[in-house]
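Examination of the molecular architecture
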Amino acid sequence: MADTQEDLEKKSSGKKSSSSSGKKKKSSSSRVKTLKDSDGALLSKSTVAMYNLRSHLEPAQVEKIDQLKDNILNDPSLDLPEHIIVWLDDMCFKRYLAAREWKIPAAEAMIRETIKWRCEYRPDLIRCDEEPIRLQLRHGHMYNTFADLEGHPGMVMIVHEHKDVVEDEDQRLRFMIYALEKAIFQMRSHETGIDKMYWLVQCKGYSRKHNGTLGFAKRLNNIVCNHYPERLFRVGMFNAPWIFKTFYKVISPFIDPVTREKFGFPDPTAKAMEKDFDLDHLEVQFGGRCEVAFDADSYWEDVKSSDEERVAWWEAKIEQVRKEKAKKAKKAKKASKESTAE
C-alpha cells in the first residue's frame, strides 16, 4: 500500500524544529503585515503538535476513510505519481467523503475524477511568475488577508469595475486555481486542522461585462465543487447590486446545495462581522476598522516568498515519497531473492 503524507511523517525520525522566537521584521505595507501576521498565527500552532484528525471523528467515519484510502492507494491501475500521493492524505479523503454524505462509492468516483484532473492540469505547478498570474496578482482584485477568529484564511475578491488586465478566460481561471492552491497551502491543515477558507467578496461597482460570462462562472463552479470540495467555510458578498443578485440567482441552481448554504449577503458593518473577525484586522470595506491600501509591490514580494516556500514544501514531500518507494522496492527485491534461495 502506498504511504500517504501522514504515514511518511510518522516514519520520519527527525523532530520538527521549533519556530524562531524572534520578532518578525515589520513590513512597510499594512497589507503585507496583515498577511504575515495571519500566516504566523497559523504557523505557531505547528510548534504544539500535529493535528490528529481521527480523534475528532466517529469510529465509523475513520473506518470509511480507511476503506476509501485502501480502494485508491491499492488500485494498481491508477499508478499514482508522487505528487498525488502527497496530496492524498486523511484530510483529503475526509473532505471527499463529507462532500458525498460519507458514501464511499460516490466519494471514490469523485476523488478518481480529481486525480485525473490534477494529473492533467497540475495545479501544484502553477507559479506566481507566470505573466498572466503576475499581472492579476498585482492588479489587487484577489488576495489573501487576515484569518477569521477560528483561523480560516481570508480570501478577498474585488469585482471589476473596468476592463480586466487579463481578458482570456482560461488564464483568469488558472489564476483562480492558483489563488485556491496558495490559500490551501497557507492553512497548514496537518498542523492546524483547518481546511476551509473565508471568502470576502466586494461587489460594489459590479458589471457583468467585466466579470466573466455565465460559462466562465459555471466552469469555475465545477472546479471548486468537484475538485476542491469542502474548502469553503463561508462566502460573504458585500454591497451586491441588483444586477449581481440577479446573476447569482441564475447561477445558483448550478451550485451544490451544501455550498450554496455558505453564501450570504452581510451588511458591511462592525455588528455584522464582529462574530467572525477581529475588527482591528478586518478592512473597513467589510465592516472592520483596518484602513489599508493595497500595495502591489509589497504584496508581490510577499507572494514570491510564499511561492518559494510552497515549491520547497512540494519538492521535499515528493522526494520523501520517492525515497520511501525506493526503500520498499529494495526490501521487496531482497525478500524475493531470499524466497528464491529457499
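Here is what the cut-offs are and how they apply
- Residue positions within a chain follow its written sequence, with the count starting from 1.
- This being a predicted model, a pLDDT of at least 70 is required before a residue's local features are given, and a value of 80 or more before pairs of side-chain atoms are given or counted; all residues contribute to the totals for chains, interfaces and linings.
- In computing side-chain values, all of the structure's heavy atoms are included and hydrogens and water are not.
- What counts as a helix is a DSSP run of H or I of at least four residues, what counts as a strand is a run of E of at least two, and both are numbered from the N terminus.
- For each residue, the accessible area found with a 1.4 Å probe, counting protein chains only, is set against the maximum for its type, and the residue is called buried under 20%, exposed over 50%, and partly exposed in between.
- Note on areas: Shrake-Rupley with a 1.4 Å probe; residue coverage comes only from the protein chains shown.
- Strand pairing requires that DSSP identify at least two bridges connecting the strands.
- A helix is expected to span 1.5 Å multiplied by its residue count minus one.
- Between N or O atoms, a polar contact is any pair within 3.5 Å; within protein, one atom must be a potential hydrogen donor and the other a potential acceptor, and residues adjacent in sequence are included only when both atoms are from side chains.
- Salt bridges are identified by distance alone: a Lys or Arg side-chain nitrogen within 4 Å of an Asp or Glu carboxyl oxygen.
- To get an axis, a line is fitted to the C-alpha atoms, and for a helix only the part in contact is used. The angle between two axes follows their N-to-C directions and goes from 0 to 180 degrees.
- Oblique is the label for every angle not falling under 35 degrees (roughly parallel), over 145 degrees (roughly antiparallel), or within 65 to 115 degrees (roughly perpendicular).
- Working rule for contacts: check all heavy atoms of both residues, and any pair within 4.5 Å makes them a contact.
- What pLDDT reports is the predictor's confidence in each residue, on a scale of 0 through 100.

Summing up its helical and strand segments, the chain has 14 helices and five strands in all. Counting the 342 residues in the chain, one finds 48% classified as buried. About 18000 Å² of surface is accessible on the chain, with carbon and sulfur atoms providing 52% of the total.

Let us look at the environment of W102. Inspection of the secondary structure puts W102 in the loop between α5 (90-99) and α6 (104-121). C-alpha separation for the pair W102 and I65, spaced 37 residues apart in sequence, amounts to 9.0 Å.

What the five strands build is an open sheet, ordered β1-β2-β3-β4-β5; its pairing is mixed. Lying at the two open borders of the sheet, with one neighbouring strand each, are β1 (142-145) and β5 (263-264). Bridging between strand β4 (residues 232-238) and β5 involves two bridges; their strand directions are parallel. Across the sheet, the residue bridging to V235 is F263, located in β5.

On to helix α8 (residues 169-187). In this model, α8 (19 residues) spans 27 Å end to end at C-alpha, consistent with the 27 Å of a helix rising 1.5 Å per residue. Counting buried positions over the 19 residues of α8 gives 15, a clear majority of the element. The N-cap of α8, judged by a side-chain oxygen 3.1 Å from the amide nitrogen of D170 a few residues on, is D168. One or two positions beyond α8, positive phi appears at R188, with a value near 50 degrees.

On to the pattern of salt bridges. Under the criterion given, the structure shown has 23 salt bridges. Measuring nitrogen to oxygen at the nearest pair gives 2.8 Å for the salt bridge that ties R174 to E130. With R174 in helix α8 and E130 in the loop between α6 and α7 (131-139), the pair connects residues that are 44 residues apart, well separated along the chain. For E130, a relative accessible area of 21% gives the class partly exposed.

Looking now at the pairing of strand β3 (residues 197-202). A regular strand places its side chains on the two faces of the sheet in alternate fashion. Among the six residues in β3, six count as buried, and that is most of the element. Residues M197, W199 and V201 line one face of β3 and the alternating positions Y198, L200 and Q202 line the opposite face, and both faces are buried. For strand β2 (residues 154-158) and β3, the ladder comprises five bridges, and the chain directions are parallel. Bridging across to β3, V156 finds its partner in L200. Summarising the sheet, β3 and β4 pair through six bridges and their orientation is parallel. Residue pairing for β4: L200 is matched across the bridge by G236.

Let us now look at the packing of helix α3 (residues 59-73) against α5. Between α3 and α5, the least distance of the axes is 10 Å, while the angle of their chain directions is 105 degrees. Comparing the axis directions of α3 and α5 gives the class roughly perpendicular. Contacts from K64, I65, L68, K69 and I72 in α3 reach D90, F93, K94 and L97 in α5.

The next thing to look at is the side chain of R118. In this structure, R118 sits in helix α6. Judged by relative accessible area, which is 2%, R118 ranks as buried. A distance of 3.1 Å separates the side chain of R118 from the side chain of E181, its partner in a polar contact. With near-sequence residues (within four places) excluded, R118 lies in contact with H83, I84, W87, P123, D124, E181, Y228 and W314.

Let's shift gears to helix α10 (residues 214-227). Along its 14 residues, α10 runs 20 Å from first to last C-alpha, staying within 8% of the 20 Å computed at 1.5 Å per residue. What α10 keeps buried is the set F216, A217, L220, N221, I223, V224, C225 and H227.

In β1, alternate side chains face the same way, and those of M142 and N144 on one face and Y143 and T145 on the other are all buried. As defined by bridge partners, β1 adjoins β2 across four bridges and the pair is classed as antiparallel. By the bridge assignment for β2, T145 is matched with G154.

The next subject is the confidence of the model for the chain. Across the chain, the average pLDDT comes to 82, with 82% of residues at 70 or higher. Ranking the helices and strands of the chain by mean pLDDT puts α6 first, with 98, and helix α2 (residues 30-44) last, with 36. Note on residues 12-48: pLDDT under 50 across the span, and 51 contacts to partners over four residues away in sequence or across chains.

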